[in-house]
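Close look at the chain arrangement
The residues making up each chain are set out below.
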Amino acid sequence: MGAARVLMIEDEPEIRRFVRLALESEGLEVFEAASLQRGLIDAATRRPELVVLDLGLPDGDGLDFIREFRGWSQAPVLVLSARDGEERKVQALDAGADDYLVKPFGVSELLARVRVQLRRRAGGADADPVLRFGPIAVDRTRRVVTRSTEQGSEELHLTPIEYRLLQELCNAPGRVLTHQHLLKAVWGPSHADDVHYVRVHMANLRKKIEADPNRPQWLVTEAGVGYRLKT
Amino acid sequence: MAVSDQRPDPDQLLAQLQREDAAARRGRLKIFFGSNAGVGKTFAMLVAAHAAREQGRAVRIGVVETHGRADTEKVAGGLERLPLRALSHRGQALSEFDLDAALAWGRDHPGGVLLLDELAHSNAPGSRHTKRWQDVHELLAGGVDVWSTLNVQHLESLNDIVGGITGIRVRETVPDKVFDEADEVVVVDLPPDELLQRLKEGKVYLPQQGDDRAERAARNFFRKGNLLALRELALRRTADRVDDQMQAYRRERVERGQGAVWRNRESLLACIGSTAAAEKVVRSAARLAGQLDVEWHAVHVETTGTLGDAARQQVQRTLELAQSLGARTAVLSAPEVAPALVGYARQYNLARLVVGRRERAWRWPGRRSLAEALSPLAEELDVLQVALPAPERQPLAADRPPLHAGLLTRRTLWGCLTALGSVLVTAVLCLPLVGRISNTNIAMLFQLSVVGVAWRFGRAPAALAAFFAVLAFDFVFVEPRWSFAVSDAQYLVTFAVMLIVGLVVGQLAAGLQAQARAAQERERRVRGLYAMSRDLGAALVPEQVAEIGARFLRAEFGVGAAVLAPALAAAPGREVLSVLPGAGTQPDLGVAQWAFDHGEPAGQGTNTLPASPCLMLPLTAPMRVRGVLAVQGMARRWSPEERELLDTCAALLAISLERIHYIEVAQQSTLQIESERLRNSLLAAVSHDLRTPLAALVGLSDALRLAPPALSVAQAEVVDAIRQSALRMSSLVANLLDMARLQSGAVQLRRQWLPLQEVVGSALACLEETLAGRELTVELPAELPLLSLDAVLIERVLVNLLENVAKYTPAGSPVRISARVSGRQAEIDVSDSGPGLPAGREDRLFDKFERGDREGATPGVGLGLAICKAIVEAHGGRISAHNAAAGGACVRIELPLGQPPQGQDREEA
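Residues numbered from 1 in each chain as written. Chains lettered and ligands numbered in written order. Predicted model: local features only at pLDDT ≥ 70, side-chain atom pairs only at ≥ 80, totals over all residues. Heavy atoms only, no water.

Scanning chain B from terminus to terminus reveals 27 helices and 24 strands. Counting all 909 residues of chain B, 43% fall into the buried class. Taking all contacts inside chain B whose residues are at least 6 apart in sequence as the whole, residues at least 24 apart take part in 70%. Working note: accessible area of chain B is about 47800 Å², and carbon and sulfur atoms make up 56% of it. (Helix = DSSP H or I, 4+ residues; strand = E, 2+ residues; numbered from the N terminus. Buried < 20%, exposed > 50% of the residue type's maximum accessible area, 1.4 Å probe, protein only. Contact = heavy atoms within 4.5 Å. Areas by Shrake-Rupley, 256 points an atom, 1.4 Å probe, with all protein chains shown as cover.)

Structure follows, in structure tokens:
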């Protein structure tokens, strides 16, 4: 199996340059595209395993790229965005992007996100039915959540909604899930306006899972966007 | 008609909702109701007031008449009184109930009760309203609870019945609506024998009148028969009210249960003539409508436009009475009464017609009463006849334009001369024809001249011409000629026919002319209205509307008018009217303001402030009242047609003002949207252009360390320094842009209900490195409710505050975040244990470019706290800083709590 291919769509040559440097240092094969049109052509011909996409392109909206790309590929898309563009981030995630990075970002941040996405891609969805993070283990076949302590392990009692919420996050570890996504997945499409449900149940879930719910380690809030399960 | 029998009338549902809604805010009216004076209503009210006061309600006497009765005086003495208002009318000093003081008292004492004796009282001239019940109406609307007293004979619809029983008519009446809409009615009852006993003991107040006759009449009133009848009336009227309540309750139940049969409402139509007796028709119809619980209309049909002024005013008075009794009124113009009434009844689906019936000694053969004329036209309608009293005098004599007045007009005078002349000319012209044509044809020629006069000059000259024609024909042409004697008795028939034909033709011609004149008048007005609406359509500013309105009214009625409107920027509820330019009169602003605030007409000719020289009509547009039309008063009352025209004019003006208002609103918002779009795109462009190179700088300095060959230690330090500077620059740019956005108001809060814990958690996650090594305490009580916040912005606030802490306190010193609910606020404290704030500078800390330590070497322009302040204030909160007692600085954020959404979505397992 050769090096994974990464397509980078970004109009700023300086940013392209350092991202290429960083990714190549990781042993990845990098293709560059400076415009949306070029990016679509490359995405079709190069068949990348990961796309790094700047949302603000001179010849079009990055969201359009995501929608088009999702039509024929499931490869993860990592979005680069400005700091105050929460709405754009949510739109991109809802359109099918997998994660985002806020400019300015360092190389280590970039590489960490890229690794998560590529691992997810390689591992596939049907790997281990038991997902572990920290002391917590989620057994998705038995629907049991346990916390390992010094004395052994104790079972955590989650309500059905809390479990479904946790399960949804476990299905996409490391990935940001928007409030709307979680609402739709757990409560169904008729509750689109009740975002506070997600927040209230997430707070309860944290109380049971986190060591210090005021400073969550695993169930991380992305302000204005959604939640992420950090593994 | 395909009407399902379960049809809930939407208007009715709406009306009920509005009633319930209005009742929630309105004050409550309680009426102590009695059959006549002396039963102890006032006493009962005062006793109840004492009881209410003991239960802790504020009670104040507005007006109570004790009539010098000792026991009543004693009870009233224990209650506080509202001072009366001194008025002077024609040099006489009067004192009257002070409405404004009462409203002010009501505002200060919510739930308070105001006692106002004698609901039917007429206010002294110069008061705001002519009647006390109108004061009560305004008090109730102002949320003040009112208790009052009322005798049965003062009820409008029973007024004539009581008058018929007792022989005494009272002028002071209260519309039944007031009584029916009262929240509570307490009957104060006393058996007649006891009342007579009290009368004998002098405990009953009788009007102290100088002349014996009045006193005897009053004493006559207190006969046992009268008292029994009045008592029965009072009890029965109350029973009707209770019955209505019962029905309303059942209807409500049924409507809610949706299982009811909706009957078609058989409404009433009262047909009103031009005499005073028509008031009886109105009262009967009102009573009937009340018993049947249906709505009713009152209509007058004007046939030829030949009514005199007095009759017109009588019609208007009757219609006003009908309106005050709850009818919808209209004046129809038609050639015949009966078809017009039937048409109206069918149009509004009114099943019963109420008409007056007067017994006449004789009737023209073939002439039918109204009821007889109605029945063949509409077999499906019920016609109810009300017996009218015989006229006290010949009302028609007064109603007709006086004959001598008509004679004196120049036109009539000229007509009479022409009549004489034309008869003479005809006679002279016919002289040579004698013997050549028969006398019959000469008579025909005279007839022709009479018709000509009638056609040209109307009734009186035609009659004169007919009379002269007969004389001239007789004198000149009938044997024996040149004498008034008649040899052939057959000519008497000719004379009679000539006279009758002349008179009838004159009458007909006059009627036609009057109709033609009325039609012309109507057409002229319609044309005037049409021209005005066309002008209004082109008006672009309120001043133009005002000018067009004033011009129309001057042309139409010859009176000055002015339009008053509030300033455009004024907040609703606090609008002050000002006269728009182009006014033809200088109206009283106080009266206009009242009309505007209450949405009701005021001033001359109305019941509110009738002493004002102007009539004020509120300009009620579909959305709200847009202003007031002030019309200078005329010497006479406005006729119904004129009022209708005036109302139409007001409606047109109102709609135009509203249209202009919305044009302005639309323009303003377009402008706002444009400038906002410009600002946003500018900020976005600047932000992109500044940030991109910084992002490249950060990334490239990172990449430098990755790219082989590995850097020396010194080189690596330089690269690190570049990276740190770029990051700092980046956060500075971000702060500047944020500040620019917040200041320009371009930031839209994306508020959502969220637990504070979540924002604190994400802020702390951002600062993991910055706060490393510090002891961090977070105290968030579990009972803290959800807050409506923009998560991203509040996270910025916390991040900025914590960064400040990190900047200004020694590394490793503890930090504490705590929150609590305090009243309607959530308080969030971020406190440190550093050196604290410089004394006296706590407030200026949140100013732009202010730094805690001026001379210090700590980097960063002081924008962070200014941004915090802007964000917190955009949330409707407050931010402040103080030094904690235990040392260290504490920044406190106060945010309003609001109403978190309900339905916390219990687990549905």
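Parts of the model with low pLDDT should not have their predicted coordinates read in detail. Residues and elements named next belong to chain B. On average, residues of chain B score 80 in pLDDT, and 85% of them reach the 70 mark or higher. Note on residues 393-407: pLDDT under 50 across the span, and 13 contacts to partners over four residues away in sequence or across chains. Below a pLDDT of 50 lies the segment residues 855-861, which in the model reaches ten contacts outside its immediate sequence neighbourhood of four places, other chains included. Predicted complex, confidence summary: ipTM 0.88, pTM 0.51. (pLDDT = per-residue confidence, 0-100.)

All names here are of chain A. Here strand β1 (residues 5-9) lies mainly inside the structure; four of its five residues are buried. Read as a crossover between parallel neighbours, the route from β1 over helix α1 (residues 13-25) to strand β2 (residues 29-33) is right-handed. Strand direction decides the pairing type here: β1 and strand β3 (residues 50-54), joined by four bridges, are parallel. Across the sheet, residue L7 finds its bridge partner in β3, namely V51. (Right-handed = clockwise from strand over helix to strand, strands pointing away. Pairing = 2+ DSSP bridges.)

Moving on: the interface of chain A and chain B. Contacts between chain A and chain B engage 41 residues on the former and 45 residues on the latter. Each partner contributes to the roughly 3600 Å² buried at the junction of chain A and chain B, and carbon and sulfur atoms together form 57% of this total. Seen at the junction of chain A and chain B, the total is one salt bridge. Salt-bridge contacts for R199 of chain A lead to E758 of chain B; the nearest nitrogen and oxygen are separated by 3.2 Å. The tally of links from chain A across to chain B stands at seven residue pairs in polar contact (both at pLDDT 80 or more). Elements represented by at least two residues in the side of chain A that touches chain B include exactly α1, α4 (86-95), α5 (107-123), α6 (160-171), α7 (179-187) and α8 (195-209) of chain A. Examining the composition of the side of chain A that touches chain B, we find that eight residues originate from one element, α8 of chain A, more than from any other. Tallied by class, the residues present in the side of chain A that touches chain B amount to 19 nonpolar, eleven polar and eleven charged. (Buried area = accessible area lost by both parts, 1.4 Å probe. Salt bridge = Lys/Arg side-chain N within 4 Å of Asp/Glu carboxyl O. Polar contact = N/O pair within 3.5 Å; in protein donor to acceptor, adjacent residues only side chain to side chain. Nonpolar A, V, L, I, M, F, W, Y, C, P; charged D, E, K, R; others polar.)

What follows deals with the pattern of salt bridges. As enumerated under the stated definition, the model contains 53 salt bridges over all chains in all. Its salt-bridge partner being R70 of chain A, residue D98 of chain A comes within 2.8 Å of it at the nearest N-O pair. One end of the pair, D98 of chain A, is in the loop between α4 and β7 (99-102); the other, R70 of chain A, is in helix α3 (residues 62-70), with 28 residues separating them in the sequence. Judged by relative accessible area, which is 3%, D98 of chain A ranks as buried. Assessed through its relative accessible area of 18%, R70 of chain A is described here as buried. In this structure, D100 of chain B engages R128 of chain B in a salt bridge whose closest nitrogen and oxygen atoms are separated by 2.4 Å. A residue pair is termed long-range when its members are at least 10 positions apart, and D100 of chain B in helix α4 (residues 99-108) and R128 of chain B in the loop between β5 (113-116) and α5 (132-141) qualify at 28 residues. Each of R16, R20, E24 and E32 of chain A takes part in salt bridges that share partners, so that together they form one network.

Let's shift gears to the sheet that holds strand β10 (residues 144-149) of chain A. All names here are of chain A. What the four strands build is an open sheet, ordered β8-β9-β10-β11; its pairing is antiparallel. Single-partner strands in this sheet number two, and they are β8 (130-133) and β11 (152-156). For this sheet, the mean angle separating the axes of adjacent strands, direction not counted, is 25°. Here five bridges tie β10 to β11, and the two strands are oriented antiparallel to one another. The residue bridging R147 from the neighbouring strand is E154, located in β11. (Axes fitted to C-alpha atoms, helices over the stretch in contact; angles between N-to-C directions.)

Residue and element names in this part refer to chain A. For E29, the position within the fold is in strand β2. On the accessibility criterion, E29 (36% relative accessible area) is partly exposed. Taking the C-alpha atoms as reference, E29 lies 9.2 Å from P48; in sequence the two are 19 residues apart. Residues contacting E29, with those up to four places away along its chain left out, are A3, A4, R5 and V6.

Before going further, it helps to examine the confidence of the model for chain A. Averaged over every residue, the pLDDT of chain A is 86; residues scoring 70 or more account for 95%. Ranking the elements of chain A by mean pLDDT puts strand β4 (residues 56-57) of chain A last with 80 and β1 of chain A first with 92.

Let's shift gears to unusual backbone geometry. Keep in mind that most residues, glycine aside, have a negative phi and that most peptide bonds are trans. The omega torsion of the bond from K103 of chain A to P104 of chain A falls at -5°, within 30 degrees of zero and hence cis. Along the polypeptide, P104 of chain A turns up in the loop between β7 and α5. One non-glycine residue, W482 of chain B, lies in the positive phi region at around 55°. Within the chain, L609 of chain B stands out as a residue other than glycine whose phi angle is a positive 45°. Secondary-structure assignment places L609 of chain B in the loop between β15 (602-603) and β16 (614-620).

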